[in-house]
4 protein chains.
Amino acid sequence: MSQNPSRPDRYRWHAHNARLGEYLGKPEEDGWRRRWYIIIFEAETRAGRRFDEILLLAIVTSVAVVMLDSLPSIHDRAGTLFTVLEWLFTLLFTAEYVMRILVVQKPWRYVLSFYGVIDFVSILPTWLAVFAPEMAYLVDVRLLRLLRVFRVLKLTIYFEEAQVLLRALVNARRKIFVFLGTVFIITIILGTVMYVVEGPQHGFTSIPVSMYWAVVTLTTTGFGDLVPKTPLGQFITSMTILLGYSIIAFPTGIIGAELVNTMRERSPKARTCTHCATEGHDADAVFCKRCATKLPPLSTETASSQ
Amino acid sequence: MSQNPSRPDRYRWHAHNARLGEYLGKPEEDGWRRRWYIIIFEAETRAGRRFDEILLLAIVTSVAVVMLDSLPSIHDRAGTLFTVLEWLFTLLFTAEYVMRILVVQKPWRYVLSFYGVIDFVSILPTWLAVFAPEMAYLVDVRLLRLLRVFRVLKLTIYFEEAQVLLRALVNARRKIFVFLGTVFIITIILGTVMYVVEGPQHGFTSIPVSMYWAVVTLTTTGFGDLVPKTPLGQFITSMTILLGYSIIAFPTGIIGAELVNTMRERSPKARTCTHCATEGHDADAVFCKRCATKLPPLSTETASSQ
Amino acid sequence: MSQNPSRPDRYRWHAHNARLGEYLGKPEEDGWRRRWYIIIFEAETRAGRRFDEILLLAIVTSVAVVMLDSLPSIHDRAGTLFTVLEWLFTLLFTAEYVMRILVVQKPWRYVLSFYGVIDFVSILPTWLAVFAPEMAYLVDVRLLRLLRVFRVLKLTIYFEEAQVLLRALVNARRKIFVFLGTVFIITIILGTVMYVVEGPQHGFTSIPVSMYWAVVTLTTTGFGDLVPKTPLGQFITSMTILLGYSIIAFPTGIIGAELVNTMRERSPKARTCTHCATEGHDADAVFCKRCATKLPPLSTETASSQ
Amino acid sequence: MSQNPSRPDRYRWHAHNARLGEYLGKPEEDGWRRRWYIIIFEAETRAGRRFDEILLLAIVTSVAVVMLDSLPSIHDRAGTLFTVLEWLFTLLFTAEYVMRILVVQKPWRYVLSFYGVIDFVSILPTWLAVFAPEMAYLVDVRLLRLLRVFRVLKLTIYFEEAQVLLRALVNARRKIFVFLGTVFIITIILGTVMYVVEGPQHGFTSIPVSMYWAVVTLTTTGFGDLVPKTPLGQFITSMTILLGYSIIAFPTGIIGAELVNTMRERSPKARTCTHCATEGHDADAVFCKRCATKLPPLSTETASSQ
């Protein structure tokens, strides 16, 4: 973010956007649709890069406007400016949304995709206030307008790198489910025990409230809005925290181990057999694991580059 | 949990239940006992799967009822509904308990097992309120009724995957005992020191209370109900937190290292060359990467177990 | 601690004590000194094991007495019992201290060792109250009596396993010093910045107090006794916490990496060369790294045992 | 820091300073400039080591003076002493600054370097109070004087070891940016949601304040100055904390994995067989563990660099 990305870097940052485009279908005949497709989904042309930069700036600014607008002092002073800006952003994002639908081969795929929904929700609140003011009365207006903050999710299209982290999370999902299930069971039992031990007079007014306390305590967050007052409660709390600490080492350990594996998979040490073109030989392999051909020696340059 | 498990997945999830059944003895002659055994302990028939689904739903719902019942506002409105539901669950769980005893070959093994005790405690409170109301006066009724929350432990029979995490914990138990022992000694000394430094006037009314504070601080939970007021106390607290942070890296490190080992053991890579004893061949390897000997085939059982 | 240790386990737990004995010198001629040396420092005889058990129990009980004595309600009721117990413990520990001095070959080594000092401090307070009551007036009596809590350190002689953790800590000491130095510098700058931003009116009354806050915040302890009130202060706090989180991953990473190394070193995979008796060959070694003799193949039994 | 460094250790600690000197240019002709260059930038002579020791002491003391001076009680008593000390430090650091400029070949490089700026800022406040008192009125005097605390950054020149940690951080920067970006997006959405759910009446007065709360909660810091009061808010908080915990395992995992790699690279084990390109030989290996070829000798330079 802070470093000045060189061109190959840019391509990587936008690869996710480009892949989305391919999935939605690039127009095959030349024409304005193909020209705009290249601008919107690709980053190899000057116009394409400029488009991405403007969009990024608009997303960040519009979210900042929503946030600042929630400060009463700023809302009173800059209310009109914010309204004008809001309309500018809505028009820009609406144009983007319409263009994305128009230029791709499979528009419904886009409309129903994660990014399609986000793009639609981003422009909905402002239009709704004009075309369906009576609906705005039904829902809380403020709540509706804050939906615009979800525009920040439009940023995720630039997060291609997040895929490595995401893959580690996906690989570890089963263990993480088990971990969360265990935490959930501990939370229920602990919440019930503390509800009995401390009781409503010390703020543990019901089992759900006690469970909220149990999560806050097990994870060592410790807000301090609910604290044990009785000696037995304090003893149970101490044990809970120590248990929580032993348990909580699991997600770190699980994800750490997965990350080590994921990073190793992508390492440049992968060698290719000259006979059968099998890839992914270990650094210490001498023979191809598939056809037993002798592998080329690992060049020291490659070996030391990781 | 959220993903739609395919059949092989289901079998895995229920493998723990099936193993428990084998341990308790499957009836050998055909008849209603064998039929019900298959329904209760196995998941290969339609009826067996249906039984598991109903039980799961009943456990989750009954625990939710206990929790919601503790909220005064809900208790007042839905009290009667909850009483009816409670009787339904008690009858269902009692039927399950009786059936499990009747169909297995070694019923006492089941009654005295972890799940047998949990199943008994799950139905005890409701029956006791009917058959021994005078005992309910001795013990706090509320406390007794909350015992029903332990039904949530019935869920653990579906947690076969937890065994990987559990094994890592068991392997590391010696180091974790040493770690907890060290934390305990630090807690005693720190609690005493803070009791002397801050004293009762700042809330550190006794050594046990100070030790509670020490655990809360060492683990970086920091409720804030007890905080140092004197400069010396604040300095000791700062040092304590930093010490706590260095120490607390241990459980994460220990369990992380164990998880890496445990995961490697179970990975399909764990094949050994019969010629040169090299380990760590990939799952798709046909020849030894070091001496080019043909590797033994990867048994599907091992390969699919992770 | 909870598991029932088999005999070989006992030996390991007491190995540290035995090693200390060897360092202090075992009496060579037969006699009461040698007999008592075996009882006190070794655990191979029935009397030696009984001695260890009594001592363990006495340490734990005497520390519990000091802790319970700090509770006003218990102190009032059980004061006399505690005084009697205290004298029993003091006599026992004094006898132990004198015996340790008498039976070893190099008594001064013992007196000046870590355990010698702890043993002396453990009995000092009670004797001082008798023989030098005027000194007890100089020092705070309560403070003096609480010194007895350091008896808990006598337990560490049973913590042979702690050496693995300790070695990882010692190996990583240089990196941990650098880490603590970095944290210290961040703490100073952050404390000063928050002192300027929030100022005395929000509780940040001086730079040392602000530094205490900075440690509490960087480590995500968050007592909540000092919190930022100004928007700028809250922004800086948010950044601090995120910085703290990135930094705090270091001790975990450092110690985790060291533990992985330390555990590998002690692994049963170590093989010995049949020619030159060099140990510590890697699991994938074919030839001795010192004399190039072919190594015996890694038996599958050993290979799978880790 | 606490251990008594042997001579080779000293050299390592000061290697960073020496490298800076080389970068700025060592005077080639003999004379006072070369003599002083050796004293200031090198640590091989007695005078050079003495210079470093005095400077270290002066930095630490001057920072301690600034900190203590912020305590009203100490400021009133020791104000004059502190003023005198402050002038001594300013003169010393000014002399050091001027000398560094005079003796190096490329003085502007030094002035514009990180350490040059720090050295200048360290002496600026005191001189400004004399030569430009009217400017001191513009800026808050207190704020200006506290700039002196940045002198602590002069210490970093002694932190050569920090480079290992820094390199792990630099290698992982891309993943850490993605992680921080993800945290930022979660923070915005969560802050908005809690602003809607809890609202100004429970202290969530604006989105930025809610975002501050979200960072404090996601990272399990939990100050407790803002806590959810509504059941829905408490439920969202519980989910947030568990999400936070799963996410926060990432920096630990990322940095842990990088540290393992970084430490392996620098380890003396990193030798490659010239015949079969096997890596990972132990430091004491003479022959390749795979093909028994004699290994190249381990250069002492590499071996001692860890």
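Residues numbered from 1 in each chain as written. Chains lettered and ligands numbered in written order. Predicted model: local features only at pLDDT ≥ 70, side-chain atom pairs only at ≥ 80, totals over all residues. Heavy atoms only, no water.

Under an unreviewed UniProt entry, the name given to chain A is Ion transport domain-containing protein, and the source organism is Ralstonia flaminis. Turning to chain A, the UniProt record has this under Subcellular location (unreviewed entry): "Membrane". (UniProt positions renumbered as here; feature names shortened; annotations may be inferred.)

(A) Representation of the packing of helix 4 (residues 72-103) of chain B against helix 6 (residues 114-131) of chain B. Residues and elements named next belong to chain B. Two elements in contact, helix 4 and helix 6, have axes separated by 9 Å at closest approach and are oriented at 135°. Classed by the angle they form, the pair helix 4 and helix 6 counts as oblique. The hand of the helix 4/helix 6 crossing is left-handed. On helix 6, the residues that touch Glu86, Trp87, Thr90, Leu91, Phe93, Thr94, Glu96, Tyr97 and Arg100 of helix 4 are Gly116, Asp119, Phe120, Ile123, Thr126, Trp127 and Val130. (Axes fitted to C-alpha atoms, helices over the stretch in contact; angles between N-to-C directions. Helix = DSSP H or I, 4+ residues; strand = E, 2+ residues; numbered from the N terminus. Parallel < 35°, antiparallel > 145°, perpendicular 65-115°, else oblique. Left-handed = near helix turned anticlockwise from the far one by under 90°. Contact = heavy atoms within 4.5 Å.)

(B) Up close: the pattern of salt bridges. Residues and elements named next belong to chain D. Tallied over the entire structure, the rule returns 16 salt bridges over all chains. The partner of Glu53 in a salt bridge is Arg50, with the nearest N and O atoms 4.0 Å apart. Taken together, the positions of Glu53 and Arg50, both in helix 3 (residues 46-69) and 3 residues apart, correspond to about one turn of that helix. Given a relative accessible area of 43%, Arg50 falls into the partly exposed group. (Salt bridge = Lys/Arg side-chain N within 4 Å of Asp/Glu carboxyl O. Buried < 20%, exposed > 50% of the residue type's maximum accessible area, 1.4 Å probe, protein only.)

(C) Up close: the confidence of the model for chain A. Residue and element names in this part refer to chain A. The pLDDT averaged across chain A works out to 75; a share of 71% of its residues lies at or above 70. Per-element averaging of pLDDT across chain A places helix 13 (residues 300-305) at the bottom with 35 and helix 11 (residues 207-218) at the top with 91. Contacts for the low-pLDDT stretch residues 1-12, under 50 throughout, to residues beyond four places or in other chains number 17 contacts. Overall, residues 298-306 carries pLDDT values under 50, and its contacts beyond four positions in sequence, including any with other chains, amount to 14 contacts. The complex model carries a pTM of 0.78, and its ipTM stands at 0.76. (pLDDT = per-residue confidence, 0-100.)

(D) Spatial organisation of the environment of Ile185(D). Residues and elements named next belong to chain D. Following the sequence through the fold, Ile185 ends up in helix 10 (residues 173-197). You can call Ile185 buried: its relative accessible area is 6%. Residues Ile185 and Val103 lie 82 residues apart in sequence; the distance between their C-alpha atoms is 51 Å.

(E) Seen up close, the UniProt feature "transmembrane region" (unreviewed entry) in chain A. Residues and elements named next belong to chain A. If you check UniProt for "transmembrane region" (unreviewed entry), the listed places come out as residues 54-74, 80-98, 110-132, 152-170, 177-197 and 235-260 in our numbering. Annotated as residues 80-98, this span is 100% helix and 0% strand, and its ends, taken at the C-alpha atoms, are 27 Å apart. As annotated, residues 177-197 comprises 100% helix and 0% strand, and the C-alpha atoms at either end are separated by 30 Å.

(F) Summary view of helix 2 (residues 32-41) of chain C. Within helix 2 of chain C, the full set of buried residues consists of Tyr37(C), Ile39(C), Ile40(C) and Phe41(C). Buried positions in helix 2 of chain C, seen along its axis, are confined to an arc of 165° and lie on one side of it. (Arc of directions from axis to C-beta.)

(G) Molecular detail of unusual backbone geometry. Backbone geometry places Thr220(C), a non-glycine residue, at a positive phi of 60°. Here Thr220(C) is to be found in the loop between helix 11 (207-218) and helix 12 (231-265).

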